[in-house]
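# Inside the fold
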Amino acid sequence: MRYDNILEAIGHTPLIRLNRITHGFKAQVYAKCDYLNPGGSVKDRIGIAMVEDAERRGLLKPGGTIVEGTSGNTGMGLALVAAVKGYKAVFTMADKQSKEKVDMLKGMGAEVIVCPTAVAPDDPRSYHSVANKLTEDIPNAFHPNQYENPSNPEVHYHTTGPEIWEDSEGRVTHFIAGMGTGGTVTGIGRYLKEQNPNVKMIGVDPVGSILYEFFHHGAEGKAETYKVEGIGEDFCPGNLDFSILDDIVQVTDKDSFLWARRLARLEGIFAGGSAGTALAGAMQILPSLSEKDFVVVFIPDTGSRYLSKVFNDEWMKDNRYTESGLPLTAAELVEAKAVMGQPHEMVKLAPSDPLTLALDKMQAHDFSQLPVFEDETPVGALYEDDLLRLTLEAKDLKKLVVREAMRAAFPVLLPVAAIDQVTACITTNCPAVFVDLGDHRYEILTKYDLLHGIARLARTSQP
Ligand code: PMP
């Protein structure tokens, strides 16, 4: 690939399949890796789009100054354009943003003014108000205003949306992303729904932001502070078209950061906290999806912007975001089960076993469901409720075999699967999961194992 300048390297980011972190879920899950843009975030796309639109309209003239309120990434996108095209850049940022982002923008030659986070958007001290004031005061200044500028969703409509559609070969069924200005979900959603109106757009909102409440109950409510950067708002941005969204789910700071760390460790995708928010949102939805579903999770920016936060163990500990002492993975739960001295031989059925034998085994071991194995692989599960129903329907259990009464096998997870995944899989409709220990060995985990494993590890970790 050969380009005339850095701006031409923006976009065409890869769609990368997630494997280990989503193991056991039926749907295919892909990460749209916008953190691989040259400036390290999705916002490279809107930087050039907003500036070139302003140039066309005569709003930005040679030698002019770009003034923007940013959580850092839009600043970087604009700083790339300012460098290539010779503009000056002045950015206002809220003081919750990481130091790395401030240093990065200064490193790009921009002036950065840090403003307080804990003030209302219309307070004269807020980063929105300061950006407005600077635009009035600085001669030949242009304020892109990513929250209202239509070029923001438009560039996603013209680039990111089509990239996802083409790279998924039209198979995408769900798109999941955090929302800041809303440009990403609005632009991508408009494009994808034009191609297939059944595509589901799911926004993920940090606890503390008002967008979740507004979507579900129509009231703006009052924002609380939260730590994840770049997403969630204390007002409704003009660029967020709520009508494009099918649902908004909520995620805590802690879950956002833990999932961002797992994404790095299990998939090699080193991304920021808002990617963790989107992934944690996906984890809420994945248990209800089938093999036919093709999920795209949006990865907005690089983890190197958060070395002093999400990827700093001290900071995580200081904020009580660690799960210290609690099992993190399915492997640890299996280990806890072994330590508790539970019988190791799994009680199993074969598809050809008569139902009377199945009933005897259930009663002997006091289990309400049993896994069915064929050629050392789980192929189904038999439930006592079904045996009861058949008996009530006057069926003769002696004449029926397990294959005729069994339901789908429990989901299979890898030992590295996060505990949240185990919890997400175990629902009222699915009482257990298998952990694939390799070599045709499986361990079963039920809600009982989950609770007892957690309790045991919590006890042993106490000083
Ligand atoms: N994640 C991060 C880290 C961001 O900086 C932003 C933009 N503020 C987003 C997500 C959300 O993107 P959008 O503004 O398009 O909704």
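Residues numbered from 1 in each chain as written. Predicted model: local features only at pLDDT ≥ 70, side-chain atom pairs only at ≥ 80, totals over all residues. Heavy atoms only, no water.

## As for the site of the ligand
Note the cut-off: When we say a residue is near a molecule or strand, we mean one of its heavy atoms is within 4 Å of it. Pairs of N or O atoms are called polar contacts if they sit within 3.5 Å, as long as, within protein, a hydrogen donor faces a hydrogen acceptor (for residues adjacent in sequence, only side-chain-to-side-chain pairs). In these tables, accessible area is a Shrake-Rupley quantity obtained with a 1.4 Å probe, and a residue counts as shielded only by the protein chains included in the view. Asp, Glu, Lys and Arg are counted as charged, while Ala, Val, Leu, Ile, Met, Phe, Trp, Tyr, Cys and Pro are counted as nonpolar; the rest, among them Gly, fall into the polar class. Note that domain bounds follow an automatic or database assignment of domains.
Around the ligand sit 16 residues in total, of which Lys43, Gly180, Thr181, Thr184 and Ser274 are the nearest. Between an oxygen atom of the ligand and a side-chain N or O atom of threonine 181, the distance comes to 2.7 Å. Within the side chain of serine 274, one N or O atom sits 2.7 Å away from a nitrogen atom of the ligand. In isolation the ligand has 390 Å² of accessible area, and contact with the protein removes 97% of it. Across the shell around the ligand, the residue classes tally to four nonpolar, nine polar and three charged. Residue contributions to the shell around the ligand reach at least three from each of two domains, namely domain 1 (9–41 + 150–318) and domain 2 (43–142).

## Considering the pattern of salt bridges
Going by this rule: When a carboxyl oxygen of Asp or Glu lies within 4 Å of a side-chain nitrogen of Lys or Arg, that pair is called a salt bridge. What counts as a helix is a DSSP run of H or I of at least four residues, what counts as a strand is a run of E of at least two, and both are numbered from the N terminus. Burial classification: accessible surface area is computed with a 1.4 Å probe over protein chains only, and a residue below 20% of its type maximum counts as buried, one above 50% as exposed, and the rest as partly exposed.
The final tally for this structure, using the stated rule, is 23 salt bridges. Across the pair lysine 85 and glutamate 55 runs a salt bridge whose closest N-O atoms are separated by 3.2 Å. On the criterion of sequence distance, the pair formed by lysine 85 in helix H2 (residues 73–85) and glutamate 55 in helix H1 (residues 43–57) is long-range, its members being 30 residues apart. By relative accessible area, which is 30% here, lysine 85 ends up partly exposed. Salt bridges here are not isolated pairs; linked through shared partners, they connect Asp386, Arg389, Glu393, Lys395 and Arg407.

## Side note on the packing of aromatic side chains
The condition is simple: Ring pairs shown here join Phe, Tyr and Trp side chains whose ring centres sit within 6.5 Å, with only the six-membered ring taken for Trp; geometry is labelled stacked below 30 degrees between planes, edge-to-face above 60, and tilted in between. Placement of a charge over a ring requires the Lys NZ or Arg CZ to be within 6 Å of the ring centre, with the centre-to-atom vector within 35 degrees of the ring normal.
Tallied over the entire structure, the rule returns 14 aromatic pairs. Ring centres of phenylalanine 214 and phenylalanine 242 lie 4.9 Å apart, and the angle between their planes is 50°; this geometry places the pair in the tilted category. Of this pair, phenylalanine 214 sits in helix H7 (residues 211–217) while phenylalanine 242 sits in the loop between H7 and strand S9 (247–251); the two residues are 28 residues apart in sequence, bridging distant segments of the chain. Here the aromatic residues Phe373, Tyr383, Phe410, Phe434 and Tyr442 are joined through ring pairs into a cluster of three or more. Its end group placed over the ring of tyrosine 383, arginine 407 keeps NZ or CZ at 4.0 Å from the ring centre.

## A few points about the packing of H1 against helix H5 (residues 151–167)
Test applied: Axes here refer to lines fitted to C-alpha atoms; in helices the fit is confined to the stretch in contact. Angles between the N-to-C directions go from 0 to 180 degrees. What sets the label is the angle itself: under 35 degrees gives roughly parallel, over 145 gives roughly antiparallel, 65 to 115 gives roughly perpendicular, and the rest give oblique. The sense of a crossing depends on the near helix, which, turned anticlockwise from the far helix by less than a right angle, makes the crossing left-handed and, turned clockwise, makes it right-handed. Residue contacts are counted whenever heavy atoms from the two residues lie within 4.5 Å of one another.
Where H1 contacts H5, the axes come no closer than 9 Å and their chain directions differ by 130°. Taken together, the axis directions place H1 and H5 in an arrangement best described as oblique. Note on packing geometry: the crossing formed by H1 with H5 is right-handed. Residues Arg45, Ile46, Ala49, Met50 and Asp53 of H1 pack against Ser151, Asn152, Val155, His156, Thr159, Thr160 and Glu163 of H5. Looking at the contact of H1 with H5 residue by residue, the classes come out as four nonpolar, five polar and three charged.

## Here's the deal with the pairing of strand S3 (residues 65–69)
The condition that has to hold: Two strands pair if DSSP finds at least two bridges between them. Orient the strands so they point away from the viewer, and a crossover whose first-strand-to-second-strand path over the helix runs clockwise is right-handed.
Of all five residues that make up S3, five are buried, and the element is covered over most of its length. As paired elements, S3 and strand S4 (residues 88–94) share five bridges and run parallel to each other. Its bridge partner being in S4, valine 67 is matched across the sheet by valine 90. In this fold, S3 hands off to H2, which returns the chain to S4; that crossover is right-handed. Two elements, S3 and strand S6 (residues 141–142), share two bridges in a ladder whose sense is parallel. Within the sheet, the bridge partner assigned to isoleucine 66 lies in S6 and is phenylalanine 142.

## Some thoughts on the sheet that holds strand S15 (residues 441–446)
Overall, mixed pairing links the three strands, which are arranged S13-S14-S15 in an open sheet. Two strands lie at the open edges of the sheet, namely strand S13 (412–413) and S15, each paired on one side alone. Pairing of strand S14 (residues 432–438) with S15 involves six bridges; the strand directions are antiparallel. Each residue of the ladder has a partner; that of glycine 438, found in S15, is arginine 441.

## Structural notes on the domain arrangement of the chain
How we decide: By convention, the term buried area covers the 1.4 Å-probe accessible surface removed from two parts as they join, with the contributions of both added.
Domain annotation of the chain identifies domain 1 (9–41 + 150–318), domain 2 (43–142) and domain 3 (330–461). Here domain 1 and domain 3 have C-alpha centroids that lie 34 Å from each other. Across the boundary between the two partners, domain 1 contributes 12 residues, which contact 10 residues of domain 3. A buried area of about 940 Å², summed over both sides, lies between domain 1 and domain 3, and 61% of it is on carbon and sulfur atoms. Considering only the side of domain 1, the residues that lose the most area to domain 3 are Arg20, His23 and Gly24, jointly responsible for 46% of the buried surface there. On the surface where domain 1 and domain 3 come into contact, there are zero salt bridges. On inspection of domain 1 and its partner domain 3, the count reaches one residue pair in polar contact (both at pLDDT 80 or more).

## Regarding helix H4 (residues 127–137)
Turning to H4, its buried residues are Tyr127, His128, Ser129, Val130, Ala131, Leu134 and Thr135. The inward-facing, buried residues of H4 abut S3, S4, strand S5 (111–115) and S6.

## As for the side chain of lysine 101
Turning to its location among the elements, lysine 101 is positioned in helix H3 (residues 99–107). Once you skip the residues sitting within four places of it in the chain, lysine 101 turns out to touch Ser71, Gly72, Met93, Glu229, Asp301, Arg305 and Tyr306.

## Brief notes about the pairing of S4
Burial analysis of S4 places six of its seven residues in the buried class, which makes it a mostly covered element. Examined bridge by bridge, S4 and S5 share five bridges and lie parallel to one another. For alanine 94, the partnering residue across the bridge sits in S5 and is cysteine 115. After leaving S4, the chain enters H3 and then returns to the sheet as S5, a path that is right-handed.

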